[in-house]
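Residue-level structure breakdown
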Amino acid sequence: MTTTTPTAPRELSAHWPGPTEGRLAFRVGYADETLPTSGITALVVALALRAVERPGLEVAATVGPTVTEFRVTGTGERVRTTLHALASALADLPVRHRASETQALADRTPDVPPVQSWRFGHQGYGLGTDVRVGLYRVTDEDLRSWARARFSATDALVWCRGAETPDLDVPLPAPAVAPHRAPEVGEAAWTLPAEALTGGTSVLWEGIVPDVPAAHVLAEVARRALFQNLRHDRGWTYDPAASVGALDGRYAALRLSAGLREETASEAIGEFLDTWGRLRHAVPADDLATAKAHLLLAFDEPHQEAIWLPDDAVRTLLGRPVPTPAERRAEIEAVTVDDVMALARQAWDSGLLVAPVAEGWAGTAVVPRGAGPALDGQAFERIDTDATVVVGEEGATLRAGRSRQTVRFADTAALLAYPDGGRLLVGLDGAEIPFEPTLHDDLTAARVSALVDAHVPADRVVPVPRSGAPERPARQQTNAAAAARAARETQEKSMMQTAGAIATDTGRMVFELGKIALVGLLVLLMLAGVVGVVFAVVTVLVWVASWFDEGPQDWVVPAVVVPVGALCAVLTRFAYRMILRMGGEVRPGRAEQGTRP
């Protein structure tokens, strides 16, 4: 039976056969960081682990977007003492190991493509576990302060499951503050679905969906469909996968992926998207039943309270309702075909695609980074490639060939400062503009500092070590860059001339069409005038005939008709003369006079 104590930190426990497993979880993750402090949570965790690690001790930790967790497995006594030691280490961090642990974290490579930065930018949920530039900026006091504020009893939960339930003693500080709420998952500032250029050898689709049981059903339906079409029927991949990862408790990230082989990559990507896309419109009832039956197998196992304890802990930390195992089962059983299709459409409409081969697979474009208007300012040409950096009072623009990227100082996520004088200006949307004095003839380190450093707040400047500045390119490379720049400028000039000629021809055509239309109107006016004159003449003749046959008539008829007929005659002559003038005609009489000797 799961039990909860109201004291801080909160405690959960359940009976579980075998070794005892204990976890110490906190409501903190990389989404709570900024780019200048990115990695600080992981470094606090690494230092705490360093204090308790021993040969043969099964202890590990993970840092997620909103929850960080320590895991210990062993005897009840070992779990109790290790969790106690971890809490003590968090309360008094062994910062003397900061340099070695910083280097160890910096040397790690991410296991998955950093898709989240293309969705959220270099902030919040976009930072991910692979972004740790803040490791070089944080101080010992920064680490201690972060540990006190975010690894406290207020934001903690400790739980264990096993054959024995140890008397846990977790000496965490308990500040008189409310628990920290998870950052909200915001909406992307660009049109979705879109593509992310992260490289790799897998095709991947990530969408944002509500964190509900139907999301797990959709993931299982999609995984089975991808396995059937890509692996079983065609043998194009070995590892179709689907997962649902919690974000803020209300939304989750649905990820579908499949490894690619070079010789069949294009075909596999196309089939991957076709298979996934069809689920928006049709989910066979048998496929849904099979997926639900697979998920429901977990509820046939004994010790249900212990099985769901990890998820109960995350839900508790995120402030979400914690359902009983029976309620979980009922929620999955209640999922319908319409529920799955609705979530599939939502995951498609919010999707990011990673496709290592080509672009535009789903009618999508690459996420625009630095898409603001180009800024005016001082221009500095690169000597190693066809690129120019423009720096103004509001920000900087990188012109690389015909592409443009703009980062405004007000939207700066961080300014990476290298010891050799180089800089990397990083925008909140992920755009990056490098300033490398060795790659410019007219941009010195002092000038970079004056133009860039002075406009970026000090708390966003991150000193980052590197072995050295980029080497100055050889003459052959600089000549090639100059030739490429000249060729591009010539081509752009030619394109401008062509565009100007097209615009001129188009204007002339429009003018001629306008003349034709005006001539048509004049012809109609002339015909109307002729009809008016004829009508007036006929009306007057009828009036005269009636005078002789019937006697005196009303003079109103000729008083009205005669002026109208005269006006029609004038309009007819005017339209005729305008038609002749627009057509370049002259009267025969004048032509003969002009040629008479």
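Structure first, text after, so check above.
Residues numbered from 1 in each chain as written. Predicted model: local features only at pLDDT ≥ 70, side-chain atom pairs only at ≥ 80, totals over all residues. Heavy atoms only, no water.

1. Some points on the pairing of strand β13 (residues 387-391)
Extensive coverage of β13 is indicated by the burial of five of its five residues. Neither face of β13 is exposed, since Ala387, Val389 and Val391 on one face and Thr388 and Val390 on the opposite face are all buried. Where strand β12 (residues 378-381) folds back onto β13 in an antiparallel hairpin, the turn is made up of five residues. In terms of strand pairing, β13 meets strand β14 (residues 395-400) through five bridges, oriented antiparallel. Bridge pairing links threonine 388 to arginine 399 in β14. (Buried < 20%, exposed > 50% of the residue type's maximum accessible area, 1.4 Å probe, protein only. Helix = DSSP H or I, 4+ residues; strand = E, 2+ residues; numbered from the N terminus. Pairing = 2+ DSSP bridges.)

2. Overview of unusual backbone geometry
Note that the residue after leucine 192, namely proline 193, is joined by a cis bond; omega there is 0°. In this structure, proline 193 sits in the loop between β6 (156-162) and β7 (194-195). With a phi angle near 60°, histidine 303 is a residue other than glycine that sits in the positive phi range.

3. Regarding the packing of helix α6 (residues 213-232) against helix α12 (residues 337-349)
Running from N to C, α6 and α12 point in directions that differ by 80°, and their axes come no closer than 9 Å. As summarised for this structure, α6 and α12 are arranged roughly perpendicular, according to the angle between their axes. Residues Ala214, Ala215, Val217 and Leu218 of α6 pack against Asp339, Val340, Leu343 and Ala344 of α12. Here the residues of the contact of α6 with α12 sort into seven nonpolar, no polar and one charged. (Axes fitted to C-alpha atoms, helices over the stretch in contact; angles between N-to-C directions. Parallel < 35°, antiparallel > 145°, perpendicular 65-115°, else oblique. Contact = heavy atoms within 4.5 Å. Nonpolar A, V, L, I, M, F, W, Y, C, P; charged D, E, K, R; others polar.)

4. Regarding the environment of glutamate 21
The residue glutamate 21 is located in strand β3 (residues 20-26) in this model. Judged by relative accessible area, which is 13%, glutamate 21 ranks as buried. Setting aside its immediate chain neighbours within four residues, glutamate 21 contacts Val72, Thr73, Trp159, Cys160 and Arg161. There is a polar contact of 2.8 Å between the side chain of glutamate 21 and the side chain of arginine 23. (Polar contact = N/O pair within 3.5 Å; in protein donor to acceptor, adjacent residues only side chain to side chain.)

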